[in-house]
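Take a look at the letters that make up each chain.
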Number of protein chains: 2
Amino acid sequence: MQVAPATLEIKAESLSALEVESIELFIGFFKLIGLQKSVGEIYGLLFVSSRALAMDDIMTRLGISLGAASQGLKVLRSVGAVKSVYMPGDRRDHYVADLELSKFATAFIQEELKPRLDRALERIGTMESLASGMAPEERSTADERLERLKHWLERSESMLPWLLKFLVK
Amino acid sequence: MQVAPATLEIKAESLSALEVESIELFIGFFKLIGLQKSVGEIYGLLFVSSRALAMDDIMTRLGISLGAASQGLKVLRSVGAVKSVYMPGDRRDHYVADLELSKFATAFIQEELKPRLDRALERIGTMESLASGMAPEERSTADERLERLKHWLERSESMLPWLLKFLVK
DNA sequence: CAGGTATTTCATTTTTTATTGAAGCGCTTG
DNA sequence: CAAGCGCTTCAATAAAAAATGAAATACCTG
């Protein structure tokens, strides 16, 4: 019931050892800041490429789908990690890696970390109101802990501008 | 074909608004450092609890399974986020939240971030060797980029001790 | 502006990750 | 030292996240 041609093993074009190493490095790095594997793969490939690559080069080399390539590039563009360069006589967009590594860290801090800290501080406001209507005994526990959490979060948030400056340098 | 007793709606014990707010706050916060929802739920509940809770209190209040509670507490113990306190006349372990919030950040930096930076620097060493066997043209591209990445990673790593000191204060 | 080619979108499928709960371990205690 | 309770483990299941690829869209270009 199965048609399985023995000669059909057309996987992805093989990647060089350098490319594999770069791809693995960036998969790990990007996962840390919440970006998916395919995004890391694409950036890793572009990072060690000496020429700009079109989307279907990327698909072919990495063996990923059209959709994954398109969406991955969209994410990378949105954080400024790749830019497209004009290639005379070719209608396709060609991409190169932006080497300003600090951009990823900056995007992560501004788009993930900062909003989450802000949201947490908002919630603490709500919780303070809620605690104010509690019995004295439980209220004092809650108040103390909320105060402590608030201080820590404010302190952390106050460090972000410094951190950003350091990373961008 | 369905037996649906109208009176059967025995879900989890209801949580107070304060508890819900705390749980949501910590789910979000912990997700950021790669910890799962159930871990955030447990810590969030303990954070606003004025008394120590046993594992089955936690299960019942949150409506999570035995396994999830056990594993979640294991993770929280391992990062020092909860400690168990002795309750006379009760064989069960009882847990309270450790309020030293910096512990989570510290654990994250030391157990996730630092090792990943180290691994990345290792990989760069490998890549430098690989690049040295390439054609001059491609080699210079690779060398320049690797140098740049290495500097940025080293710089980031050099900041960690400072960051840790700041968070712990 | 017709006939493509490149790209995006998104419902479906696949893969990965988290949760469940029953089996079993080990400690306590009567 | 047996019986039971509390807890952990882990194979099975469920839920969430990511990838696929066909259809729709945008965009050249002759």
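Calculation notes
- Residues numbered from 1 in each chain as written.
- Chains lettered and ligands numbered in written order.
- Predicted model: local features only at pLDDT ≥ 70, side-chain atom pairs only at ≥ 80, totals over all residues.
- Heavy atoms only, no water.
- Axes fitted to C-alpha atoms, helices over the stretch in contact; angles between N-to-C directions.
- Helix = DSSP H or I, 4+ residues; strand = E, 2+ residues; numbered from the N terminus.
- Parallel < 35°, antiparallel > 145°, perpendicular 65-115°, else oblique.
- Contact = heavy atoms within 4.5 Å.
- Nonpolar A, V, L, I, M, F, W, Y, C, P; charged D, E, K, R; others polar.
- Domains from an automatic or database assignment.
- Buried area = accessible area lost by both parts, 1.4 Å probe.
- Salt bridge = Lys/Arg side-chain N within 4 Å of Asp/Glu carboxyl O.
- Polar contact = N/O pair within 3.5 Å; in protein donor to acceptor, adjacent residues only side chain to side chain.
- Near = heavy atom within 4 Å.
- Phe/Tyr/Trp six-rings, centres within 6.5 Å; stacked < 30°, edge-to-face > 60°.
- Buried < 20%, exposed > 50% of the residue type's maximum accessible area, 1.4 Å probe, protein only.
- pLDDT = per-residue confidence, 0-100.
- Pairing = 2+ DSSP bridges.

**Q** Give a detailed account of the packing of helix H2 (residues 37-47) of chain B against helix H3 (residues 55-62) of chain B, specifying residues and quantitative values.
**A** All names here are of chain B. Running from amino to carboxyl end, H2 crosses H3 at an angle of 105°, the nearest separation of the two axes being 11 Å. On the basis of their axis angle, the class for H2 and H3 is roughly perpendicular. Counting all contacts with H2, which are made through Glu41, Ile42, Leu45 and Leu46, the residues of H3 involved are Ile58, Arg61 and Leu62. A breakdown of the residues in the contact of H2 with H3 according to their chemical character gives five nonpolar, no polar and two charged.

**Q** Tell me about the domain arrangement of chain A, and name the residues and values.
**A** All names here are of chain A. Taken domain by domain, chain A consists of domain 1 (17-99) and domain 2 (103-168). On a C-alpha basis, the centres of domain 1 and domain 2 stand 35 Å from each other. Taken together, the contacts link eight residues of domain 1 with four residues of domain 2. If you sort the residues of domain 1 by the area they bury against domain 2, Ile33, Val79 and Asp98 come out on top, with a joint share of 64%. At the boundary of domain 1 with domain 2, the tally comes to one salt bridge. With a shortest N-O distance of 2.8 Å, Lys103 and Asp98 are connected by a salt bridge. Counting across the interface, domain 1 meets domain 2 through two residue pairs in polar contact (both at pLDDT 80 or more). Tallied by class, residues from the side of domain 1 that touches domain 2 come to six nonpolar, one polar and one charged.

**Q** Could you give me a rundown of the protein's contact with DNA strand C, with the residues and numbers involved?
**A** Not every one of the 20 residues close to DNA strand C is listed here, only the nearest: A:Gln71, A:Arg91, A:Asp93, B:Ser38 and B:Ser65. The sugar-phosphate backbone supplies 55% of the atoms of DNA strand C found within 4 Å of the protein. At 3.1 Å from a phosphate oxygen of DNA strand C is found a side-chain nitrogen or oxygen belonging to A:Arg77. Within the backbone of A:Asp93, one N or O atom sits 2.6 Å away from a phosphate oxygen of DNA strand C. Of all the secondary structure elements, the ones that give two or more residues to the surface near DNA strand C are helix H4 (66-78) of chain A together with H2 and helix H4 (66-78) of chain B. Here the surface near DNA strand C is built from residues that sort into five nonpolar, eight polar and seven charged.

**Q** If you had to explain the packing of aromatic side chains to someone new, which residues and values would you point to?
**A** Taken as a whole and judged by the stated rule, the model has 23 aromatic pairs over all chains. A ring pair is formed by A:Phe26 and A:Phe29, whose centres lie 6.5 Å apart and whose planes are at 75°; its orientation type is edge-to-face. With A:Phe26 and A:Phe29 both in helix H1 (residues 17-32), this residue pair falls three residues apart, about one helical turn. Take A:Phe26 and A:Phe29: they sit in the same class, and that class is buried. Note on A:Trp162 and B:Trp162: the rings are 4.1 Å apart at their centroids and 20° apart in plane angle, and the pair reads as stacked. Placement of A:Trp162 in helix H6 (residues 136-168) and of B:Trp162 in helix H6 (residues 136-168) is noted, with the two residues assigned to different chains. Classification of A:Trp162 as partly exposed rests on a relative accessible area of 38%.

**Q** How would you summarise H2(B) if you had to cite specific residues and measurements?
**A** Among the eleven residues in H2(B), ten count as buried, and that is most of the element. The complete set of buried residues in H2(B) reads B:Ser38, B:Val39, B:Gly40, B:Glu41, B:Ile42, B:Tyr43, B:Gly44, B:Leu45, B:Leu46 and B:Phe47.

**Q** I'd like to hear about the side chain of B:Ser22, residue by residue, with values.
**A** Relative to the assigned elements, B:Ser22 resides in helix H1 (residues 17-32). Look at B:Ser22 and you get buried, because its relative accessible area is 0%. Setting aside residues no more than four positions away along its own chain, B:Ser22 makes contact with A:Met127, B:Gly44, B:Phe47 and B:Val48.

**Q** Kindly report on the protein's contact with DNA strand D, identifying the contributing residues and their values.
**A** Taken together, 19 residues lie near DNA strand D, and A:Ser38, A:Ser65, B:Gln71, B:Arg91 and B:Asp93 sit nearest. Within 4 Å of the protein, atoms of DNA strand D come from sugar and phosphate in 65% of cases. Between a phosphate oxygen of DNA strand D and a side-chain N or O atom of A:Gln36, the distance comes to 3.2 Å. In the model, a phosphate oxygen of DNA strand D is placed 2.6 Å from a nitrogen or oxygen of the B:Asp93 main chain.

**Q** I'd like a rundown of the confidence of the model for chain A, residues and numbers included.
**A** For chain A, per-residue confidence averages 91 on the pLDDT scale, and residues scoring 70 or more make up 92% of the total. Segment residues 1-12 of chain A is flagged for pLDDT under 50; beyond a separation of four residues in sequence, or across chains, it makes four contacts in the model.

**Q** Explain the sheet that holds strand E2 (residues 82-85) of chain B to me, using residue names and the numbers behind them.
**A** Residues and elements named next belong to chain B. A sheet is described by the order of its strands in space; here three strands give the open sequence E1-E3-E2, paired in antiparallel fashion. The two strands at the open ends of the sheet, each matched to only one other strand, are strand E1 (53-54) and E2. Direction of pairing for E2 relative to strand E3 (residues 94-97): antiparallel, over a ladder of four bridges. By the bridge assignment, Lys83 is partnered in E3 with Val96. Packed on one face of the sheet, H2 meets E1, E2 and E3 and runs near 85° to E3.

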